[in-house]
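Survey of secondary and tertiary structure
Residues per chain, in single letters:
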Amino acid sequence: MSDTLLEVDDLRVTFPTRTGLVQAVRGVSFSLGRERLGIVGESGSGKSQTGRAIMGLTPPQAEVSAKKLAFGGIELLSISSRQRRSLRGNRIAMILQDPKYSLDPVMTIGRQIVETLRTHEKVSKADARERALAMLQAVQIRDPARVFDLYPHEVSGGMGQRAMIAMMLITGPELMIADEPTSALDVTVQLDVLKILDKLVAERGMGLIFISHDLRLVSSFCDRVVVMYAGKVVEQIKASELRDAQHPYTRGLLNCMPRIGFERHPLPVLDRKPEWAA
Amino acid sequence: MSIAENQVAAGRGSARAVAILSSLGRFLVIAVTTYLGLLAVTFFIGRVIPIDPVLAVLGDRAPTAVVERTRREMGLDLPWIEQFYLYVKAALRGDFGTSVLTTNPVMSDIRRVFPATIELATLGTLIGAVIGVPLGVLAAVRRGSLIDQIARIIGLIGYSVPIFWLGLLGLVLFYAKLQWVAFPARLDVVYEYTFTPITGFYLLDSAMQGQWDVFYDAYRHIILPAALLGYFALAYISRMTRSFMLNELAQEYIVAARAKGLSETRIIWGHALRNAAVPMVTVIALSYASLLEGSVLTETVFSWPGIGLYITNSLTNADMNAVLGGTIIIGSVFIAINLLSDLLYRLLDPRTKVG
């Protein structure tokens, strides 16, 4: 399969704690082409740590292992940290949850975008500025020249997240990992930001890993869905076939989604069976 | 940029200038209010302490008539509110009366001794910040490593060892044994008559006059006490830097910076330290201000003719004009440094509104 962008086979992330080793990710496998893959799960299911392991942003005390973790034919776990860094922000990028915390508060938005570009490409200051302005335009910021000179606290959450997307897309990465990119935003803004993200991913033919706890969002936005539970993949399914999911955990998640017109008392509670985690 | 955009930018610029000016105005109001408070406190202290200013001047053998006349001359028979008014008026002119001990106006005494303290404190703070900040950064970045432990021990010693003891020890080692530094004083006696200070900062004055032998001599005298004060500042500054840096390194924007593929050097010095610098300004300014109060012990051990020594000598001789004058000057410097660090804080952190 030449179209495979990312291959993950038996990925494990282990944290040492006071009470012994804890595996946050326990043998996750999937592959990704130029498509939109959703990873859903509750908090603590290991979905974020999966994303960070692919980025190479696992905390230093933790251990990452995998039979295969290959991006575009490069075995990520066997290259140097320097080579790893030159991929980050360049060919693999990541969007974090809350622009309030994920943008440097004392640096203007423009400088943060230019910084990504100039880390990976040799461009003059003037050219970098031009490209950053074009990128801000691409994420549908109306007045790029003004926003360029603003500090993160001076823009709204939606605009901050667009700036974040601009900062991470300016180098033209092939793979984007979006870790709960809309969870911190107002519901009304969520859709706008998602549309922009979707459009850019489609236009540039990128692969997207969309990490979220919002099953409805993921199923409407992604091509495929990976359901994680306790560090494991319990089900992989096409988003369009989600209604026919087999695994009881996925069914449980689906069952928890409210439907208009159906009032339910009491609200359903998720079943968590230890054998699913085994 | 188009012309319209230029105008917008210029408009934003001048709006910012106005905002800075108006906040400067507010700073001045705060400064003046605090200064008046300081004068009130010193005035009050001057009245309640059981030292009779007339007795201090005349001694206890003066005839009653002379005592009464002097009391009137000093304005001590006036109602206290009028006394306070005269006191403030004189203080604003920089007139704190005459020192009984030196028979000079207090202000001219202070003009002589304060530069010695400022020179020492500035050099000490510089040493403390230049070494303390990188040490704190390293300790935070390599948390739990050998360098973190070493930084911790250095800090702990700095906190707990008495400065006069370390000063004596330093003199025994570096002056008496190794002869690396000069004896306790500001200059060798030889230069006392060949060198005329301009500003009172000997290093600066000698460099300005091109008298490099004097500069070297002043350097040999100041380096040990400055290093000592610097060490104590360093202990504090490095611990605070470490804790501010740990706080910043745990923030999400650091993860984002890593996701952008930035080098660790750039992340630590360009992002984390730049954010940690905001509270660091206050820490360094306060530590500088506390050194400016004149460290009595250091100045005593090193026979440093600074303001700490001056005030202590005046106090033991019941020379209240000198004590209160010195207190007001130190208080004013404290107010000024506080305002300055506040202003710097606002410049460094775009989140604090300038207006």
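In this text, all values refer to a predicted model and were calculated from it rather than measured experimentally.

Structural notes on the overall build of chain B
Check the secondary structure of chain B and you find 14 helices and zero strands. Its C-alpha atoms give chain B principal-axis dimensions of about 85 × 65 × 40 Å. Within chain B, the proportion of its 355 residues that are buried is 33%. Counted over contacts in chain B with a minimum sequence separation of 6, partners at least 24 positions apart contribute 73%.

Thoughts on the overall build of chain A
Secondary structure assignment for chain A yields eleven helices and eleven strands. Relative to the compact-globule value of 19 Å for 278 residues, chain A shows a C-alpha radius of gyration of 19 Å, a close match. Counting only C-alpha atoms, chain A reaches 60 × 50 × 40 Å along its principal axes. Here the analysis covers contacts within chain A between residues at least 6 apart in sequence; of these, 67% occur between residues at least 24 apart.

Some points on the environment of C222 of chain A
All names here are of chain A. Following the sequence through the fold, C222 ends up in the loop between α9 (215-221) and β10 (224-229). The spatial distance from the C-alpha of C222 to the C-alpha of S29 is 18 Å, given a sequence separation of 193 residues. Those residues in contact with C222 that lie beyond four places of it in its chain are R36, L37, G38, F210 and A239.

Comments concerning the interface of chain B and chain A
On the chain A side, the residues contacting the 17 residues of chain B number 25 residues. The set of elements that each furnish at least two residues to the side of chain B that touches chain A consists of α10 (252-259) and α11 (264-292) of chain B. Grouping the constituent residues of the side of chain B that touches chain A by class yields six nonpolar, four polar and seven charged.

A few points about the pairing of strand β3 (residues 36-40) of chain A
Residues and elements named next belong to chain A. The buried fraction of β3 is high, at five of five residues. Covered by surrounding structure in β3 are R36, G38 and V40 together with L37 and I39, the residues of both alternating faces. Across five bridges, the pairing between β3 and strand β9 (residues 207-212) is parallel. Residue pairing in the sheet places L37 in a bridge with I209 of β9.

Description of the sheet that holds strand β11 (residues 232-238) of chain A
Residues and elements named next belong to chain A. Pairing within the open sheet is mixed, and its six strands lie in the order β7-β8-β9-β3-β10-β11. On the outer flanks of this sheet lie β7 (92-95) and β11, each paired with one strand and no other. Sheet twist, expressed as the mean angle between neighbouring strand axes with direction ignored, is 20°. Running over the sheet, helix α1 (residues 47-55) touches β3, β7, β8 (175-179), β9 and β10 and is turned about 150° from β8.

What about the domain arrangement of chain B?
All names here are of chain B. Assigned domains of chain B: these are domain 1 (3-92) and domain 2 (106-348). Each partner contributes to the interface: domain 1 provides twelve residues, whereas domain 2 provides ten residues. If you list the elements that add at least two residues to the side of domain 1 that touches domain 2, you get α1 (3-48) and α2 (53-58). Sorting elements by how many residues they give to the side of domain 1 that touches domain 2 places α1 first, with eight residues.

Describing the environment of L185 of chain A
Residue and element names in this part refer to chain A. As for its position among the elements, L185 is in the loop between β8 and α8 (187-204). In this structure, the C-alpha to C-alpha distance between L185 and L197, residues twelve residues apart in sequence, is 14 Å. In contact with L185, not counting residues within four places along its chain, are G157, G158, Q161, Q190 and V193.

Here we look at the pairing of β11 of chain A
Residue and element names in this part refer to chain A. With six bridges connecting them, β10 and β11 associate as antiparallel partners. Across the sheet, residue M228 finds its bridge partner in β11, namely V233. Joining the antiparallel neighbours β10 and β11 is a turn of two residues, in which A230 adopts a positive phi near 50°.

Structural notes on helix α4 (residues 109-120) of chain A
Most of α4 of chain A sits inside the fold, with nine of its twelve residues counted as buried. Listed in full, the buried residues belonging to α4 of chain A are I109, G110, Q112, I113, V114, E115, T116, L117 and H120 of chain A.

Quick look at the nonpolar core
With 144 residues, the main nonpolar core has I113, I165, A166, A178, I209 and F210 of chain A together with I237 of chain B as its most contacted residues. Residues contacting I209 of chain A, with those up to four places away along its chain left out, are L32, L37, I39, G51, I177 and A178 of chain A.

Details of the environment of D217 of chain B
Residue and element names in this part refer to chain B. Mapped onto the elements of the fold, D217 is located in helix α9 (residues 212-249). For the pair formed by D217 and A182, sequence separation is 35 residues and the distance between their alpha carbons is 7.7 Å. Not counting residues up to four positions away in its chain, the partners in contact with D217 are A182, L187, D188 and Y191.

Some details on the packing of helix α5 (residues 106-141) of chain B against helix α6 (residues 146-160) of chain B
Residues and elements named next belong to chain B. Taken N-terminus to C-terminus, the directions of α5 and α6 make an angle of 135°; their axes are 8 Å apart at the nearest point. It follows from the interaxial angle that α5 and α6 lie oblique. When the axes of α5 and α6 are compared, the crossing they make is left-handed. On the side of α5, the interface is formed by L135, L138 and A139, while α6 contributes I147, D148 and A151.

Comments concerning α6 of chain B
Owing to its 3.6 residues per turn, the α-helix aligns residues three or four sequence positions apart on the same side. Residues and elements named next belong to chain B. When the terminal C-alpha atoms of α6 are compared, their 21 Å separation across 15 residues agrees well with the 21 Å that a helix rising 1.5 Å per residue should span. Those residues of α6 that sit buried are A151, G155 and G158. Here the buried residues of α6 occupy an arc of 60° about the axis, which is enough to place them on one side. Exposed residues on α6 whose side chains face more than 90 degrees from its buried face are L146, Q149, I153, L156 and S160.

So, how was this worked out
- Residues numbered from 1 in each chain as written.
- Chains lettered and ligands numbered in written order.
- Predicted model: local features only at pLDDT ≥ 70, side-chain atom pairs only at ≥ 80, totals over all residues.
- Helix = DSSP H or I, 4+ residues; strand = E, 2+ residues; numbered from the N terminus.
- Buried ≥ 20, exposed ≤ 12 C-beta atoms within 10 Å, placed from the backbone.
- Contact = placed C-beta atoms within 7 Å.
- Rg over C-alpha atoms; globule rule 2.2 N^0.38 Å.
- Nonpolar A, V, L, I, M, F, W, Y, C, P; charged D, E, K, R; others polar.
- Pairing = 2+ DSSP bridges.
- Axes fitted to C-alpha atoms, helices over the stretch in contact; angles between N-to-C directions.
- Domains from an automatic or database assignment.
- Core = buried A, V, L, I, M, F, W, Y, C linked by C-beta atoms within 7 Å.
- Parallel < 35°, antiparallel > 145°, perpendicular 65-115°, else oblique.
- Left-handed = near helix turned anticlockwise from the far one by under 90°.
- Expected span 1.5 Å × (residues − 1).
- Arc of directions from axis to C-beta.

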